[in-house]
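Now for the letters of each chain:
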Amino acid sequence: MSTLKVDVHHVTRVEGHGNIVVDVENGELTQCDLQIVETPRFFEAMLRGRAYDEASHITSRICGICAVGHATASLRATEQALGVTPSLQTTLLRKLNFHGEILDSHVLHIYMLVAPDYLGLGSVIPLAKSAPDIVLRALRMKQLAGDLCATLCGRHTHPISMTVGGFTQFPKPAELRALRERLVASRADCDATIQLLQGLEFPAFERDTEYVALHRDDEYCFIDGSIASSDGGIRPLAEYREVTNETIVAHSSAKHTRHRRESYMVGALARFNINYDRLHPRAQAAAEALGLRPKTINPYLNAAAQAVEVVHCTEDAILLIDQLLDQGIKPEAPAAPTRMSGEGVGAADVPRGTLFHHYWIEGGTIVGANCIIPTGQNLANIELDMRALVPGILDRTQQEITLALEMLVRAYDPCISCSTHMLDVKFVKAVGAR
Amino acid sequence: MNPKVAFFEFTSCEGCQLTVLDTLQRHPELLEVIEIVQFREAMTERSDDYRIAFIEGSCTRPSDEAKIREIRKQAQIVIAVGACAHLGGINAIRNRMPLDDVREYVYGEKKDWFETYPARPLSAVIKVDAVIPGCPIDRDEFVMAVTHLLQGRMPAIPDYPLCIECKLTENVCMFLRGQTCLGPITRAGCDAICPSCGQGCEGCRGLIPSPNLGAIKEALRERGMTEEQIDARLSLFLTYQTMQMEGVTPA
Ligand code: SF4
Ligand code: SF4
Ligand code: SF4
């Protein structure tokens, strides 16, 4: 298709400066917004005029944490557009690489961002003194994840060797075996992670909402698949706009999305709720140990779902390596495009949720692009959570309310800087008698 | 007393700061010799009393400038971290396009809601004492930079082209593999990581002093690239630098 009809929207990291604004008048909540004001980055506009094989390198720069996820969704969009069918080996290598990113990001979130809240600390730094074993474990797990990515694609932040149709570099069997050994050894760290979370007291806040995630019948899906909703219905990726339905709200530079209800949630908890049956048995056992079952409607438990995914990805990475070693790694040329013009949608369920890239390509040059990031999809849901949460805790001090809201926002693991301790909670009028 | 160090970010993907975090985790000894007083990605505490400022990200809106100047006023040493801060980075791709068009493409009627102007490197706003190039930065180079600072020197970066490093790595040249590479005009220092991974260099570390742009364009033309493709290639990370060389101002 050659005409260009792209919905305009805002793609940005949405890391950065998020503001929570709460206004209570005579004990009544009149305003409760999560404001995202981020410098616009214009990635979609910048893709126009670019050779198709540059897109994944450009879009990986949207985010430093989800770089592999952006590259993967981008490559899938390009491949859909140009009729490229990657080999089984490419698919396996991509999945393995993806697990590296999920592990890295989840460990960072659980240990560095969420745990300090529950342990009453401002950051992970004091933990290094009081509980060095916890910090060392997190570092060990992160290092393994980073090394996994580096082995497969050169580095984690902005992968190098992933390209349209395949890879430009291949891991050696010895490297894969070494990674496998470390992954097996990492089971003890996974168990300890589950134990750590068992010991945290998650706030008992629940709000039922719609959960949306990529879905496949044959695996716990992170790449490709269809779009499934906990409210029912499965749609092909090409219909992503029927799900995301972006709308502009005045108080946020990121658009909101809604599907069947006023808002929906994406991310680890959504994936868990939708794809629970396809988790590795060890991950299901971990969920059991955490008292987590589908459908879990406490958003604070997103971190627990992430821990379950850490177990799953570790186990699945071992299986993928076995499969790759079994069939032997062949250096192979990337699968070639079968046409030079077309339109394609690619999707990946990155650490924070479902990510869509949509490209229009003509004669090998990108002429239009649309990217929808997970944090944007979660914003409306976070806001409705806040609105449901605040009335029940108005008797607390301003400081306590602030912390509860910050922890709620952080639970979603919005892009990293929102999730660190820099949210500006502004009370328009004082709340709480104390 | 350990020098007080602060980290800041402007328009960026924060990948460089993540690399810094990762480096600090792998080299905890660094935390023994510097005192980090502000690092949004890692900690709650915040102090405006610092001597060394590491800044990531490019300046993409007028309102960023005051904050950048404020940091310059406070810090004795300002280091630009990563291609965004060093070169305007990937953000500057749009500098060659009419800004209005870019805004309209992404925001439609709401294009005026969001403040923006052509992306620029930090050095276009303030005096920068040193840079750590790359997208993302190289871990070892960050460690080296800190070491140099502690020794009272400015961090130095190579001023020879990537090809030299690439040869030392014993890569088969991308041009000989039938592909293209910006190595001949790009500053070394990353151990030619992209050619080593089977991809041509994209120039993320910026131009060497006195690059021969004519020669690289000719080499790319010989590989069958069109003028548009060559311009696109050279503008991935090098938009700001090449526009300056050509004396072109953003539309
Ligand atoms: S230079 Fe690259 S890695 Fe660093 S912040 Fe900018 S886009 Fe991210
Ligand atoms: S691959 Fe690139 S960096 Fe290496 S020698 Fe060739 S042109 Fe130079
Ligand atoms: S090879 Fe080129 S693009 Fe790759 S990291 Fe080095 S300077 Fe950057």
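In this text, all values refer to a predicted model and were calculated from it rather than measured experimentally.

**Student:** How should the pattern of salt bridges be read in this particular structure?
**Tutor:** Opposite charge on two side chains permits pairing when their charged atoms draw close. Across all of its chains, the model carries 39 salt bridges over all chains by this definition. The residue D64 of chain B makes a salt bridge to R61 of chain B at a minimum N-O spacing of 3.2 Å. Here D64 of chain B matches R61 of chain B in class, with each residue buried. Note that R205 of chain B and E141 of chain B form a salt bridge whose closest N and O atoms lie 2.7 Å from each other. With R205 of chain B in the loop between α8 (193-196) and α9 (213-222) and E141 of chain B in helix α6 (residues 139-150), the pair connects residues that are 64 residues apart, well separated along the chain. The two residues R205 of chain B and E141 of chain B agree in class, both being buried. Overlapping salt bridges, with partners in common, bring together D147 and R182 of chain A together with D22, R26 and R139 of chain B in one network.

**Student:** Help me out: how do you make sense of the site of ligand 2 in this one?
**Tutor:** Residues and elements named next belong to chain B. Close to ligand 2 lie L162, C163, C166, K167, C173, M174, F175, C181, G183, P184 and P195. Broken down by element, the shell around ligand 2 gets its largest block of residues, four residues, from helix α7 (residues 162-168). For the shell around ligand 2, a count of residues per class yields nine nonpolar, one polar and one charged.

**Student:** Help me understand the packing of helix α6 (residues 132-153) of chain A against helix α1 (residues 15-26) of chain B, please; the structure alone is not making it clear to me.
**Tutor:** The axes of two packed helices give the description: the angle between them and the distance between them. Contact geometry of α6 of chain A with α1 of chain B gives a least axis separation of 11 Å together with a crossing angle of 125°. Viewed along their axes, α6 of chain A and α1 of chain B adopt a mutual orientation that is oblique. Crossing of α6 of chain A against α1 of chain B: the hand is left-handed. Across the interface between the two elements, L139, K142, Q143 and D147 of chain A from α6 of chain A touch D22, Q25 and R26 of chain B from α1 of chain B. Split by residue class, the contact of α6 of chain A with α1 of chain B holds one nonpolar, two polar and four charged.

**Student:** I'm lost on the site of ligand 3 in this one. Help?
**Tutor:** Surrounding ligand 3, one finds R155 of chain A together with L162, T186, C190, I193, C194, P195, C201, E202, G203, C204 and R205 of chain B. Neighbouring residues of ligand 3 are distributed over chains A and B. No other element matches the three residues that α8 of chain B contributes to the shell around ligand 3.

**Student:** I tried to follow the pairing of strand β6 (residues 226-229) of chain A on my own but got confused; where do I start?
**Tutor:** Working note: regular strand, side chains alternate between the two faces of the sheet. Residue and element names in this part refer to chain A. The pairing of strand β5 (residues 210-215) with β6 spans four bridges and is classified as antiparallel. Along β6, the bridge assignment pairs H215 with S226. Remark: four residues form the turn of the hairpin made by β6 and strand β7 (residues 234-235), two consecutive strands paired antiparallel; G232 in that turn has positive phi of roughly 105°.

**Student:** Teacher, can you tell me more about the confidence of the model for chain B here?
**Tutor:** Regions with low pLDDT should not have their predicted coordinates read in detail. On average, residues of chain B carry a pLDDT of 91, and 98% of them reach 70 or more. Confidence estimates for the predicted assembly give a pTM of 0.92 and an ipTM of 0.94.

**Student:** Can you help me understand the packing of aromatic side chains in this one?
**Tutor:** How two aromatic rings sit relative to each other is given by the distance of their centres and the angle of their planes. Residue and element names in this part refer to chain B. For the coordinates displayed, the defined rule picks out eleven aromatic pairs over all chains. Seen in terms of ring centroids, F7 and F39 are 4.4 Å apart; in terms of plane orientation they differ by 25°. Their pairing is stacked. Linking F7 in strand β1 (residues 4-9) with F39 in the loop between β2 (35-38) and β3 (52-56), this pair joins segments that are 32 residues apart in sequence. Exposure class is identical for F7 and F39. Each is buried. Three or more aromatic residues link up through ring pairs in this structure, and these residues are F7, F39, F54 and F142. Across from the ring centre of Y117, 3.9 Å away, lies the NZ or CZ of R120, which sits over that ring.

**Student:** Can you walk me through unusual backbone geometry in this structure?
**Tutor:** Among all residues except glycine, the phi angle is most often negative; among peptide bonds, the trans geometry is most common. Following P294 of chain A, the chain continues into K295 of chain A via a peptide bond in cis, with omega recorded as 0°. Tracing the backbone shows K295 of chain A in the loop between α11 (281-289) and α12 (302-327). Look at the link from C135 of chain B to P136 of chain B: it is a cis peptide, with omega at 0°. Residue placement: P136 of chain B occurs in the loop between β5 (130-132) and α6. Positive phi outside glycine occurs at E170 of chain B, with the angle close to 65°. The residue E170 of chain B is located in the loop between α7 and α8 in this model. Take E170 of chain B: its relative accessible area is 70%, and that puts it in the exposed class.

What counts and what doesn't
- Residues numbered from 1 in each chain as written.
- Chains lettered and ligands numbered in written order.
- Predicted model: local features only at pLDDT ≥ 70, side-chain atom pairs only at ≥ 80, totals over all residues.
- Heavy atoms only, no water.
- Salt bridge = Lys/Arg side-chain N within 4 Å of Asp/Glu carboxyl O.
- Buried < 20%, exposed > 50% of the residue type's maximum accessible area, 1.4 Å probe, protein only.
- Helix = DSSP H or I, 4+ residues; strand = E, 2+ residues; numbered from the N terminus.
- Near = heavy atom within 4 Å.
- Nonpolar A, V, L, I, M, F, W, Y, C, P; charged D, E, K, R; others polar.
- Axes fitted to C-alpha atoms, helices over the stretch in contact; angles between N-to-C directions.
- Parallel < 35°, antiparallel > 145°, perpendicular 65-115°, else oblique.
- Left-handed = near helix turned anticlockwise from the far one by under 90°.
- Contact = heavy atoms within 4.5 Å.
- Pairing = 2+ DSSP bridges.
- pLDDT = per-residue confidence, 0-100.
- Phe/Tyr/Trp six-rings, centres within 6.5 Å; stacked < 30°, edge-to-face > 60°.
- Lys NZ or Arg CZ within 6 Å of the ring centre and 35° of its normal.

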